[in-house]
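# Survey of secondary and tertiary structure
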Amino acid sequence: MVAVGLTGACSLSVAASWSAVFSLVGLAVPLANVCGRVALVTLGALLSMLPGGLGVSGVLASAALAAYGVAQPQAQAAALALRGCVVVIVGFGLLHLFWASSRDRLRVRHDPAH
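Everything numeric here is computed off the predicted structure, so don't read it as measured data.

Calculation criteria
- Residues numbered from 1 in each chain as written.
- Predicted model: local features only at pLDDT ≥ 70, side-chain atom pairs only at ≥ 80, totals over all residues.
- Heavy atoms only, no water.
- Patch = residues over 30% accessible without salt bridge, like charges linked within 9 Å, V, L, I, M, F, W, Y side chains within 5 Å.
- Areas by Shrake-Rupley, 256 points an atom, 1.4 Å probe, with all protein chains shown as cover.
- Salt bridge = Lys/Arg side-chain N within 4 Å of Asp/Glu carboxyl O.
- Buried < 20%, exposed > 50% of the residue type's maximum accessible area, 1.4 Å probe, protein only.
- Helix = DSSP H or I, 4+ residues; strand = E, 2+ residues; numbered from the N terminus.
- Expected span 1.5 Å × (residues − 1).
- Contact = heavy atoms within 4.5 Å.
- Phe/Tyr/Trp six-rings, centres within 6.5 Å; stacked < 30°, edge-to-face > 60°.

## Some points on a nonpolar patch on the surface
- Residues Val86, Val90, Leu94 and Leu97 make up a contiguous nonpolar surface patch of about 360 Å² in total accessible area.
- Take Leu94: its relative accessible area is 53%, and that puts it in the exposed class.

Laid out in structure tokens, this is it:
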């Protein structure tokens, strides 16, 4: 039951971040519609045979927004902004990895048992 709750919370946080990115490029998409778009893009990227869904998620994000009635230039700008968010997320992940590994090294160095 905890796993279901955590999965739901993660999905909502992804949808909220997509919604924030959309608002940065001037789109006002309701959160319920953003959740649907996230699901479609994720499913399409998973089903693609390209490594990492290369290019598929951008095309699907743009197409999903265009189907919602967003003009093509704005939909493509939003898809590019979402791609930029991936770089930020990877950066935060690398920072966390560096922080955790340095914290563990310090802990081992100062542990009297070693």
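## Quick word on helix α2 (residues 31-47)
- Taking 1.5 Å as the rise per residue, α2 with 17 residues should run 24 Å; its terminal C-alpha atoms sit 24 Å apart, in good agreement.
- Those residues of α2 that are buried lie in contact with α1 (2-24) and α3 (56-68).

## A look at α3
- Look at α3: 18 Å from first C-alpha to last across 13 residues, which is about the 18 Å you get at 1.5 Å a residue.
- Buried residues of α3: Val56, Ser57, Ala61, Ser62, Ala64 and Leu65, and no others.
- Downstream of α3 by one or two residues, Gly69 has phi in the positive range, about 110 degrees.

## Comments concerning the environment of Val21
- Inspection of the secondary structure assignment puts Val21 in helix α1.
- Between the alpha carbons of Val21 and Leu80 there is a distance of 9.9 Å; along the sequence they are 59 residues apart.
- Not counting the four nearest positions on each side in its chain, Val21 is found in contact with Ala78, Ala81, Leu82 and Cys85.

## Structural notes on the packing of aromatic side chains
- The full count for this structure, using the stated rule, is 1 aromatic pair.
- Here Trp18 and Phe22 contribute two aromatic rings whose centre-to-centre distance is 6.0 Å and whose plane-to-plane angle is 75 degrees, an arrangement assigned as edge-to-face. Of the two residues, Trp18 and Phe22 both sit in helix α1, 4 residues apart, roughly one turn of that helix. In terms of burial, Trp18 and Phe22 fall into one category: buried.

Structural measurements only, silent on function.
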